[in-house]
Structure formats: C-alpha cells, structure tokens
Amino acid sequence: IWAADDDGDKLRRITSGAALTVAATYELPGGSGASGVGIAPNGDVVVSLQNTNSVARVAPGAQNGTEASVFATNVPSPFGVGSTSSSIFVAGSGLNGNPVTIRRFPSDGSIALPIQPLAAAQPWDVSPGPDGTVLFTDLASERLIRFTSRPPRAATGGLVDNTGTLAHVDLSVNPGGN
C-alpha cells in the first residue's frame, strides 16, 4: 500500500498485515503537496506534487529515507495518477488558476503533449480501464471521461456516461473492467 502525505511531503509504503504499519518513508520536495499515487509500467511508484506542478517517482526497492526524483515539471495542478502497460497518465485538475489538462508520459518519463479533455471538464482521478483505455473522473460533473490510445486515436477525451453521482473524486477499475 502506498500513501501520499500532502502536509508532510512524504510518500509512505505501508504493510497490510493485521495492523497497518509504515514500512518505509520517502522524502518529497518541501511544500510540494503530494496528491495522487500510481504505479508506473516499470514498477516505479509515481506521485503527483500539486503545489509544485510536478510529478516524482521512487523505485520500488529504494531504501527507507530516499528522496523521490522529480521527472516532470510544468504539469498544471496534477492530481490523479494511473498507468497502462506503456504510459503514465496524470490528471491536471485546473486548480489554482492552472489550465485543465491530462498528461500522458511514456514509461521512461519523457514529456508528452497534453490531451485536451472535454470542454468544462475538471479531470481529477485516473485509472486504467479495460482494453488499454484510461478513465478519468470529472470533478465538475457527473461524467467519467474515457481516453483510448489505440486506433482510431482520440485527441480529446470522450464522454463515457453520466453516472448520477454529483462529483467523482476517486476511481478504481478491476482487471475485468468493472
């Protein structure tokens, strides 16, 4: 289990035995506002740093106390992090006057162009979906946004459906797509 500590600028690995125990703590840049946590295709743990508009990573076998390395900057208001077998996706919520974006990074962490979400959307969390799709929650509405990177490729996110929930703040999809 991985948990981001927004106020403490830490990323924690927690064991899930009879009691939840902090097994390791990794340092994040001061004042960074750790938000979303995801696992990259290579196994690295990726964390969005909302206050510094950046994204950092920690190798899965890193020693306790290791400082996370920032691999992407100029990522506006990053929050949710998720990945497919080849890419890392970060939802940029548009908070603090930043533009709303969805960023897709190749697994090596090199910068990719933003994906333009639907008009008036506010992408918040992200999860890989079935068949290589990626689903984003929309904090501004009842919508889920779907992106697919296989042909025909989408340049913008597509509406999945109104779900009847006032606003989505978290998302998880199991291997069966449910």
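Quick caveat: nothing in here was measured; it's all calculated off a predicted structure.

(A) Summary view of the sheet that holds strand 4 (residues 34-39). The sheet built from four strands is open, its strands ordered 4-5-6-7 with antiparallel pairing. Taken across any chain shown, the strands that pair with only one partner, and hence form the sheet edges, are strand 4 and strand 7 (69-72). Averaged over neighbouring strand pairs, the angle between their axes works out to 35 degrees when direction is ignored. As paired elements, strand 5 (residues 45-49) and strand 6 (residues 54-58) share five bridges and run antiparallel to each other. The residue of strand 6 that forms the bridge with Leu 49 is Ser 54.

(B) Inspection of the sheet that holds strand 3 (residues 20-27) at higher detail. As summarised here, the arrangement of the three strands in space is 1-2-3, forming an open sheet in which the pairing is antiparallel. Single-partner strands in this sheet number two, and they are strand 1 (2-5) and strand 3. In this sheet, adjacent strand axes meet at a mean angle of 30 degrees when their direction is disregarded. Two elements, strand 1 and strand 2 (residues 10-16), share four bridges in a ladder whose sense is antiparallel.

(C) Spatial organisation of the packing of aromatic side chains. Considering all chains together, one arrives at four aromatic pairs under this definition. Here Phe 79 and Trp 124 contribute two aromatic rings whose centre-to-centre distance is 4.0 Å and whose plane-to-plane angle is 25 degrees, an arrangement assigned as stacked. On the criterion of sequence distance, the pair formed by Phe 79 in strand 8 (residues 78-83) and Trp 124 in strand 12 (residues 123-128) is long-range, its members being 45 residues apart.

(D) Geometry of the side chain of Ser 54. In this fold, Ser 54 is placed in strand 6. Polar side-chain contacts of Ser 54 include one of 2.8 Å to the side chain of Thr 52. Every residue in contact with Ser 54, bar those within four places of it in the chain, is listed here: Val 47, Ser 48, Leu 49, Val 70, Ala 72, Thr 73, Val 75 and Pro 78.

(E) Structural detail: the pattern of salt bridges. Here the structure, examined in full by the defined rule, presents three salt bridges. Of the charged contacts in the structure, one is a salt bridge between Asp 5 and Arg 12, with a shortest N-O distance of 2.8 Å. For Arg 12, a relative accessible area of 23% corresponds to the partly exposed category.

So, how was this worked out
- Residues numbered from 1 in each chain as written.
- Predicted model: local features only at pLDDT ≥ 70, side-chain atom pairs only at ≥ 80, totals over all residues.
- Heavy atoms only, no water.
- Pairing = 2+ DSSP bridges.
- Helix = DSSP H or I, 4+ residues; strand = E, 2+ residues; numbered from the N terminus.
- Axes fitted to C-alpha atoms, helices over the stretch in contact; angles between N-to-C directions.
- Phe/Tyr/Trp six-rings, centres within 6.5 Å; stacked < 30°, edge-to-face > 60°.
- Polar contact = N/O pair within 3.5 Å; in protein donor to acceptor, adjacent residues only side chain to side chain.
- Contact = heavy atoms within 4.5 Å.
- Salt bridge = Lys/Arg side-chain N within 4 Å of Asp/Glu carboxyl O.
- Buried < 20%, exposed > 50% of the residue type's maximum accessible area, 1.4 Å probe, protein only.

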